[in-house]
Amino acid sequence: MIVYSNSLDIPFHFDDQLFIVNNPTIRNLSDSGQIFKSLLPQRSRFVAFYSFALNYHFYKLDVFGYHVTNLIIHIVSSLLVWRLALLLISAPSVKDDKAFENKDLIAFFAALLFVSHPVQTQAIVYITQRFASLATLFYLLSVFLYLKARLIGENTKARLGCFIASGIAALMGMFTKEITITIPITIMFIEGMLFGSKGKKENLLIYLRSNKRWLYLLILLSFMLIIPKLFDFTVVNQLFTPKQSNSHDGDIITFGRYVLTQFRVAVTFIKLLFVPIGQNVDYDFALSKSLLDLATMFSFIAFFLIFSVGIMLKKRNVLASFGILWVYITFLPNFIPRSDLIFEHKLYLISFGFCFLLATIVFKRFQSKRTGVIFLCIIIFTYSVLTYQRNKIWSSEVSLWSDAAKKSPYKSRALNNLGFSYLKQKEFDLAFQYFNKVIKHNPTFVRSYDNRGTVYHQWNKNELALSDFNKAIELNPSFARAYYNRANLYRDEKKYDLAIQDYSKAIDLQNNYTLAYNNRGNVYSFKGEYDLAVLDYNKVLELNPGFLRAYNNRGAVYIATKQYDLALKDLNRIINLEPKRAKAYYNRSYVYRVKKQYKKALDDAIKAKELGQAISDEYIEELRNYILGSE
């Protein structure tokens with residue numbers, strides 16, 4: 001797909017670090033139990049996590065494989081949009097000759113709108129939001145198979161097979177992302193709206209009484225209990241426990257204020273569907289205070305006005321009505337309070353209703369098919385250009401967060417993440433400016449103190465660094481990274497006991513913290529406590545078998561303790577995994593020299609020097625002399 005041809009090398013972003021890059025539970029494809037337990041609050045996303053494990057198995061941390069997978073999911077979802085649209089137009093209660101006459105065009109252009117729309121970018125190029133795209137695929141598949149079953153003749157094996165497959169797809173969706181909780185509602189809505197018989201309308205009660213189809217609906221309805229169970233959902237905790245908003249004011253979320261805010265979110269979503277301009281990875285969306293707020297009141301009225309139009313259209317244009325009401329049904333999970341009030345990837349599922357609605361209206365209202373085709377082609381071309389341009393924003397962390405900071409200039413997370421992007425590029429002056437800006441506007445934003453402390457540490461301003469790390473820990477005593485960074489400071493000051501204490505605290509708070517294990521192992525090694533160092537390096541490699549520094553560090557310990565065969569084994573592993581790692585060749589050269597395998601030692605020394613390792617000519621000449629002396 002041309003519109004996403006510039007997305008295949010987009011780096012990991014945002015939560016990709018948590019769910020993929022630093023997630024040890026996806027490292028072992030065969031350990032499905034461990035993947036299921038991955039990040040326990042996300043247990044309902046097992047299928048998505050397993051897909052990450054598959055990607056890691058074949059591609060490790062090469063983003064190309066992850067992006068290809070996301071793109072395949074998008075293509076399959078678009079094909080399902082096409083096939084689902086065809087079935088919807090063929091439903092018994094539609095009875096729309098013009099729509100039926102143009103059904104191929106309506107379905108085709110609905111799919112093209114879906115595949116090209118810029119609001120889809122976040123669900124596709126942001127790898128972690130495979131949660132949204134894959135869940136949508138299963139959602140569409142479940143509804144498609146259900147419709148297929150309903151349109152097949154009575155009491156056939158094919159019909160039963162489609163019903164069963166629809167249920168399996170729904171179940172897979174429930175274990176991918178919570179948005180699929182509305183599948184049973186959508187199917188009941190389809191029954192009540194799109195199915196009838198000649199001469200009389202078949203209502204839901206007749207449907208439930210006929211042919212035992214009620215059993216399928218009952219099973220589907222029971223699926224709605226899966227997500228609350230996996231999330232340990234309780235009405236009081238999920239809906240009414242106050243949370244802190246991630247908006248710049250950090251306001252406290254209550255259920256009432258959250259619901260009012262979602263009316264504004266819904267209007268923002270509708271605007272983006274029609275005019276996808278001003279997209280943002282991190283909106284600074286303030287909580288609504290009251291229904292009397294002008295923006296909230298306008299959004300509330302618009303929300304129910306559009307809903308009313310969807311209801312009233314049912315008799316005149318059932319397909320347009322379906323498109324509108326799909327948007328509303330799939331928006332329902334947004335009323336469950338979260339700290340983030342709005343994210344664009346939530347539009348991925350919702351957008352099907354818009355794409356189907358637009359394609360339907362165009363071919364029903366335009367007198368000429370040719371005019372309708374030209375009109376939609378112009379829209380699709382415009383969407384495609386905007387999508388291609390939006391992908392460019394995602395091309396680097398700096399470009400992504402620069403865009404977010406420009407559009408959300410007072411949002412602490414956007415500014416901090418931009419600063420952190422500069423920090424990773426070692427542009428410390430720019431990073432420092434953004435961390436200061438965050439702290440000035442939001443003196444309680446923990447991460448910016450921790451990040452500014454890291455900058456001070458890089459500048460060897462250790463007292464200022466220590467002050468910032470201490471402040472971060474004071475604000476959030478459970479923030480593991482602040483302990484880790486303070487430990488790094490103590491390590492560099494050779495305060496090894498304090499460093500070990502902080503690394504251990506970081507590990508207590510985050511038991512899969514590979515960097516903390518590795519660095520604590522280094523400190524144990526500095527102190528000559530080699531057994532403890534090896535235990536820490538072993539733990540790192542248990543959590544992340546691809547963590548090359550741990551092999552190198554453990555190899556160095558084996559060299560120090562004269563366990564040369566074990567050292568050689570680790571160094572070989574490094575070179576096999578990363579053939580251009582100069583330090584590994586240098587260390588292996590030393591081991592071969594000790595083992596009096598001088599030819600291998602010389603070859604490795606020359607290779608290390610070619611790769612940029614500082615090696616004296618005297619060392620290489622010495623190895624040559626050893627070889628001559630042994631001949």
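Every value quoted in this text rests on a predicted model; they were computed, and no experiment measured them. Each chain carries its own residue numbering, running from 1 in the direction its sequence is written. With the structure being a predicted model, the display of local features is reserved for residues of pLDDT at least 70 and the display and counting of side-chain atom pairs for 80 or more, all residues being used for whole-chain, interface and lining totals. Calculation of side-chain values draws on the structure's entire complement of heavy atoms; hydrogens and water are dropped beforehand.

> Sorry, what's going on with the overall build of the chain here?
A helix here means a DSSP run of H or I that spans at least four residues, while a strand means a run of E at least two residues long, and both kinds are numbered starting from the N terminus. Helix and strand counts for the chain come out as 33 helices and 2 strands. Overall, the C-alpha framework of the chain stretches about 105 × 60 × 45 Å when taken along its three principal axes. Expressed as a percentage of the 631 residues in the chain, the buried residues total 54%. In what follows, a contact means two residues having at least one pair of non-hydrogen atoms within 4.5 Å. Counted over contacts in the chain with a minimum sequence separation of 6, partners at least 24 positions apart contribute 67%. Looking at charge distribution, the chain has the averaged site of its 76 positive side-chain charges lying 10 Å from that of its 49 negative ones. Any residue under 20% of the maximum accessible area for its type is buried, any over 50% is exposed, and the rest in between are partly exposed; the area is computed with a 1.4 Å probe on protein chains only. Positive charge is attributed to Lys and Arg, negative charge to Asp and Glu, and no charge count is given to His or to the chain ends. Charge positions come from single atoms, namely NZ of Lys, CZ of Arg, CG of Asp or CD of Glu.

> What exactly am I supposed to notice about the pattern of salt bridges here?
Two side chains with opposite charge may pair up if their charged atoms get near one another. Salt bridge, as used here: a side-chain nitrogen of Lys or Arg that lies within 4 Å of a carboxyl oxygen of Asp or Glu. Under the definition given, this model contains 28 salt bridges. One salt bridge in this structure joins Glu 474 and Lys 471, with 3.7 Å as the shortest N-O distance. Here Glu 474 pairs with Lys 471, and both are found in helix α24 (residues 462-475), just 3 residues apart, close to one helical turn. We classify Glu 474 as exposed; its relative accessible area is 57%. The class for Lys 471 is partly exposed, based on a relative accessible area of 27%. Notably, a salt bridge pairs Arg 554 with Asp 570, separated by 2.7 Å at the nearest N-O pair.

> How do you make sense of the nonpolar core when you look at a structure like this?
In this description, a nonpolar core means a group of buried Ala, Val, Leu, Ile, Met, Phe, Trp, Tyr and Cys residues linked to one another through side-chain atoms lying within 4.5 Å. Counting 124 residues, the largest nonpolar core has Leu 113, Leu 194, Phe 322, Phe 352 and Phe 356 as its most contacted members. Grouped together as the second largest cluster of nonpolar side chains are 55 residues, Ile 473, Phe 547, Leu 548 and Tyr 551 included.

> Explain unusual backbone geometry here, please?
Apart from glycine, the bulk of residues carry a negative phi angle, and the bulk of peptide bonds sit in the trans form. One non-glycine residue, Lys 494, lies in positive phi territory at about 60°. By secondary structure assignment, the location of Lys 494 is in the loop between α25 (480-492) and α26 (496-509). You can call Lys 494 exposed: its relative accessible area is 59%. Here Lys 596, not a glycine, exhibits a phi torsion of approximately 65°, which is positive. Assignment of secondary structure puts Lys 596 in the loop between α31 (582-594) and α32 (598-610). Among the residues examined, Lys 596 registers a relative accessible area of 62% and is labelled exposed.

> Explain the packing of aromatic side chains here, please?
Each aromatic ring pair is summarised here by two numbers: the centre-to-centre distance and the angle between the ring planes. Aromatic rings from Phe, Tyr and Trp, taking only the six-membered ring of Trp, are treated as a pair when their centres fall within 6.5 Å; an angle between ring planes under 30 degrees marks them as stacked, one over 60 as edge-to-face, and anything in between as tilted. Inspection of every chain in the model, using the stated rule, returns 43 aromatic pairs. Measuring from ring centre to ring centre gives 5.8 Å for Phe 52 and Phe 131, while their planes differ by 70°; the resulting arrangement is edge-to-face. Of the two residues, Phe 52 is situated in helix α3 (residues 46-59) and Phe 131 in helix α8 (residues 130-151); the sequence distance between them amounts to 79 residues. In this structure Phe 131 comes out as buried when scored by relative accessible area, which is 0%.

> I'm lost on the environment of Ala 414 in this one. Help?
By the element assignment, Ala 414 lies in helix α21 (residues 412-424). It is 26 Å that separates the C-alpha atoms of Ala 414 and Thr 241, two residues lying 173 residues apart in sequence. In this structure Ala 414 touches Asp 282, Trp 401, Ala 404, Ala 405 and Ser 408, once residues within four positions along its chain are discounted.

> Sorry if this is basic, but what is going on with the packing of α8 against helix α10 (residues 183-194) here?
Helix packing for two helices is described by the angle between their axes and how far apart those axes are. Lines fitted to C-alpha atoms define the axes, with helix axes restricted to the stretch in contact, and inter-axis angles between N-to-C directions lie between 0 and 180 degrees. Packing of α8 against α10 leaves a shortest axis separation of 10 Å and a crossing angle of 30°. The angle between the axes of α8 and α10 places the two elements in the roughly parallel class. Every pair of crossing elements has a handedness; the one defined by α8 and α10 is right-handed. Contacts between α8 and α10 pair Tyr 139, Ser 142, Val 143, Tyr 146, Leu 147 and Arg 150 from the former with Ile 183, Thr 186, Ile 187, Ile 190 and Glu 191 from the latter. Considering only residue class, the contact of α8 with α10 consists of 7 nonpolar, 2 polar and 2 charged. The cut-offs work like this: below 35 degrees is roughly parallel, past 145 is roughly antiparallel, 65 to 115 is roughly perpendicular, and the gaps in between are oblique. Two helices crossing with the near one rotated counterclockwise from the far one by less than a right angle form a left-handed crossing, whereas a clockwise rotation gives a right-handed crossing. In this count, Pro and Cys sit with the nonpolar residues alongside Ala, Val, Leu, Ile, Met, Phe, Trp and Tyr, while Asp, Glu, Lys and Arg are called charged and the others, Gly among them, polar.

> Could you clarify how one ought to interpret the confidence of the model for the chain in this entry?
The predicted coordinates ought not to be read in detail in places where the model reports low pLDDT. pLDDT: the predictor's confidence for each residue, scored from 0 to 100. Across the chain, pLDDT averages 89, with 90% of residues at or above 70. Long-range and interchain partners of residues 197-204, a stretch whose pLDDT sits below 50, account for 12 contacts in this model, where long-range means more than four residues apart.

> I keep staring at the side chain of Gln 122 and nothing clicks. Help me out?
The residue Gln 122 is located in helix α7 (residues 121-125) in this model. Filtering out sequence-adjacent residues up to four positions away, Gln 122 remains in contact with Gln 129, Asn 280, Val 281, Phe 343, Glu 344, His 345 and Trp 394.

> Hey, could you run me through helix α19 (residues 369-393) in this one?
For an α-helix, the turn length of 3.6 residues means that residues three or four places apart are oriented alike. The end-to-end C-alpha distance of α19, which contains 25 residues, comes to 36 Å, matching closely the 36 Å that a straight helix rising 1.5 Å per residue would cover. Within α19, the full set of buried residues consists of Gly 372, Leu 376, Ile 379, Ile 380, Tyr 383, Ser 384, Thr 387, Arg 390 and Asn 391. Looking at the buried side of α19, the elements it contacts are α6 (103-116), α7, α15 (255-274), α18 (347-365) and α20 (397-407). Expected span, for any helix, means 1.5 Å times one less than how many residues it has.

> Could you clarify how one ought to interpret the side chain of Ser 408 in this entry?
Checked against the element boundaries, Ser 408 lands in the loop between α20 and α21. Definition of a polar contact: a pair of N or O atoms within 3.5 Å, with one able to donate and the other able to accept a hydrogen when the atoms are protein atoms, and with sequence-neighbouring residues admitted only if both atoms are side-chain atoms. Polar side-chain contacts of Ser 408 include one of 2.9 Å to the side chain of Asn 280. Side-chain polar atoms of Ser 408 contact the backbone oxygen of Asp 282, separated by 2.8 Å. Ignoring sequence-local partners within four residues, the contact set of Ser 408 consists of Asn 280, Asp 282, Tyr 283, Asp 284 and Ala 414.

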